[in-house]
Amino acid sequence: MNPTLESISAAMSGLALRTSAVVERRRMLRRIACFSDRRLHDIGLERDWDGSILRNGRSI
């Protein structure tokens, strides 16, 4: 492979990894969105007044 194809391949691989991480994060957030406030607290999370999920006071 020439350098151009290698750099394109590396960029596409990085993009694919980032995309899969974003999809997995959204899937996880959808899964825990229906948890009760008590259950969120048990796993170290909390629900903010607007319904967003927080960890250590910061949005996840």
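Quick note: structure is the one above.
What you are looking at is a predicted structure, and each value in this text was computed from that prediction instead of being measured.

Peer 1: How would you explain the overall build of the protein chain if you had to name every residue and give the values?
Peer 2: A count of helices and strands for the protein chain gives two helices and three strands. Reading the secondary structure of the protein chain in the N-to-C direction produces α-α-β-β-β. Relative to the 2.2 N^0.38 estimate, which gives 10 Å for 60 residues, the radius of gyration of the protein chain is 18 Å and therefore markedly larger than a compact globule would have. In terms of its C-alpha atoms, the protein chain occupies a principal-axis envelope of roughly 55 × 20 × 20 Å. Taken across its 60 residues, the protein chain has 12% of its residues classed as buried. On the protein chain, roughly 5,100 Å² of surface is accessible, and the fraction owed to carbon and sulfur atoms is 55%. Within the protein chain, the 7 negative side-chain charges are centred at a point lying 4 Å from the centre of the 11 positive side-chain charges.

Peer 1: Outline the pattern of salt bridges, listing residues and values.
Peer 2: For the coordinates displayed, the defined rule picks out three salt bridges. Note that arginine 27 is salt-bridged to glutamate 24, the shortest N-O span being 3.0 Å. Here glutamate 24 and arginine 27 lie together in helix α1 (residues 3-33), a separation of three residues that amounts to about one turn. Owing to a relative accessible area of 38%, arginine 27 belongs among the partly exposed residues under this scheme. A salt bridge links aspartate 42 to arginine 38; the nearest nitrogen and oxygen atoms lie 3.7 Å apart. Of this pair, aspartate 42 and arginine 38 both sit in helix α2 (residues 37-42), separated by four residues, roughly a single helical turn.

Peer 1: Any chance you could break down a nonpolar patch on the surface for me, citing the residues and the numbers?
Peer 2: Together, Leu5, Ile8, Met12 and Leu15 give the surface a local cluster of nonpolar side chains, amounting to about 390 Å² of exposed area. Mapping leucine 15 onto the fold places it in helix α1. What makes leucine 15 partly exposed here is its relative accessible area of 48%.

Conventions and cut-offs
Residues numbered from 1 in each chain as written. Predicted model: local features only at pLDDT ≥ 70, side-chain atom pairs only at ≥ 80, totals over all residues. Heavy atoms only, no water. Helix = DSSP H or I, 4+ residues; strand = E, 2+ residues; numbered from the N terminus. Rg over C-alpha atoms; globule rule 2.2 N^0.38 Å. Buried < 20%, exposed > 50% of the residue type's maximum accessible area, 1.4 Å probe, protein only. Areas by Shrake-Rupley, 256 points an atom, 1.4 Å probe, with all protein chains shown as cover. Lys, Arg positive; Asp, Glu negative; His and termini not counted. Charge placed at Lys NZ, Arg CZ, Asp CG, Glu CD. Salt bridge = Lys/Arg side-chain N within 4 Å of Asp/Glu carboxyl O. Patch = residues over 30% accessible without salt bridge, like charges linked within 9 Å, V, L, I, M, F, W, Y side chains within 5 Å.

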